[in-house]
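# Structural description and commentary
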Amino acid sequence: MAGEYEDYNTTSKDYDTGRKPIGLEVILGAIAQLMDSQLNKATVVDIGCGTGNYATALSPFVGQITGVEYNSGMLEQAKNKATCLPNVKFIHGDATKIPLPDGVCDAVLCTQVIHHLVREEFSGLCQFLSEAKRILKEKGVLIINTCSPEQVFNCWMAPGLVPNAGKIASERFPPIDVLFSKMSDAGFTVNAAVSHCFQTMFAPSVFKDPLGPLSKEWRNLDSIWSFATDEELEQAQLEWKRRQKEGTTHEVFEERNKMTKLI
């Protein structure tokens, strides 16, 4: 079953101002290759669609896109976006029990979701892959956007400020070789792996907010903060205030950006 380790009914309100869809060209390229460039005929299912940023961004290019979301707050915002988009619909559903019939789509998209699934032996991931295989047409394509544990811990902002929380969160992400193995077990052939280290899902104006961890809205953009204890959060905020006085907060952003080019 899909897991929620923070109150997404609340944090979802900040997603649209601070997060943006990335890698759209890769997604569209993969679908276009499958469809022999006839993108406007493609049927797409976006699993764990959140507030619908990807679905709405892809809608001008594909035939039909269905977003499946577990959280009611996220789902409500997504539906509000689709009122004027006739080829987009959003439904409530679990990534491990997708409420769609067999062979219903050409492409399944799953963006920054698999770390929310049941962690034990990656059983949630295996259930999702089985369901994705089921709803795809015989020659369909599965597109997963995720991070390696190393990328999360060393490149994301939160682990640099709350390392204990970062360690807990990063361990929820399956290593890439494990992901490939589970995909193969589910009957998929891995055709490509593309790095997006040069892009960030956070809007630059928000990502580099000088308030940083002092801002609840800033923390809401990254679920890693939900693993931080009150003590760890307090220490991170005290350290940030110290850096503010010294004028060195920019160094934290620069260090993390530098790491993205190494991992």
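Preceding this section is the structure that the text describes.
Structure report, in brief. (Residues numbered from 1 in each chain as written. Predicted model: local features only at pLDDT ≥ 70, side-chain atom pairs only at ≥ 80, totals over all residues. Heavy atoms only, no water.)

## Some points on unusual backbone geometry
When glycine is set aside, most residues are seen to have a negative phi, and most peptide bonds are trans. Formally: Working definition: helices are DSSP H or I runs of at least four residues, strands are E runs of at least two. Numbering for both runs from the N terminus. Exposure is judged per residue with a 1.4 Å probe applied to protein chains only, and the accessible area is read against the type maximum: over 50% gives exposed, under 20% gives buried, and values in between give partly exposed.
For E121, which is not a glycine, the phi torsion comes out positive at approximately 55°. Note on placement: E121 falls in the loop between β4 (105–111) and α5 (123–135). Looking at E121, the relative accessible area reads 71%, which means it is exposed. Look at F122: it is not a glycine, yet its phi comes out positive at around 55°. With respect to the secondary-structure elements, F122 resides in the loop between β4 and α5. Judged by relative accessible area, which is 11%, F122 ranks as buried.

## Notes on the packing of α5 against helix α9 (residues 176–185)
Heads up, the condition is: With axes taken as lines fitted to C-alpha atoms, and helix axes fitted only over the stretch in contact, angles between N-to-C directions fall between 0 and 180 degrees. Each angle is binned into one of four classes, with values under 35 degrees roughly parallel, values over 145 roughly antiparallel, values of 65 to 115 roughly perpendicular, and all other values oblique. The sense of a crossing depends on the near helix, which, turned anticlockwise from the far helix by less than a right angle, makes the crossing left-handed and, turned clockwise, makes it right-handed. We call two residues contacting when some pair of their heavy atoms lies within 4.5 Å.
One way to put it is that α5 packs onto α9 with a least axis distance of 9 Å and a crossing angle of 45°. One element, α5, and the other, α9, form an angle in the oblique class. Crossing of α5 over α9 shows right-handed handedness. Between α5 and α9, the residues in contact are L125, C126 and L129 and L179, K182 and M183, respectively.

## A few points about the pairing of strand β2 (residues 64–69)
Stated formally: What makes two strands pair is DSSP finding at least two bridges between them. A clockwise course of the path from the first strand over the helix to the second, judged with the strands pointing away from the viewer, identifies a crossover as right-handed.
With five of its six residues buried, β2 lies for the most part within the structure. Here strand β1 (residues 43–47) runs beside β2; their pairing, made up of five bridges, is parallel. Bridging from a neighbouring strand, D46 pairs with G67 of β2. With helix α3 (residues 53–58) bridging β1 and the parallel β2, this β-α-β connection has right-handed handedness. Sheet analysis places β2 next to strand β3 (residues 88–92), joined by five bridges and oriented parallel. For V68, the partnering residue across the bridge sits in β3 and is I91. At this point the chain moves from β2, through helix α4 (residues 72–81), to the parallel β3, and the crossover so formed is right-handed.

## A word on the packing of aromatic side chains
What counts here: Note on aromatic pairs: the rings of Phe, Tyr and Trp (six-membered ring only in Trp) are paired at centre separations within 6.5 Å, and the planes decide the class, stacked below 30 degrees, edge-to-face beyond 60, tilted for the rest. For a Lys NZ or an Arg CZ to count as sitting over a ring, it must be within 6 Å of the ring centre and within 35 degrees of the ring normal.
By the definition in use, this model includes one aromatic pair. We note K133 situated over the ring of F188; from NZ or CZ to the ring centre the distance is 5.1 Å.

Read these as geometric descriptors, not functional statements.
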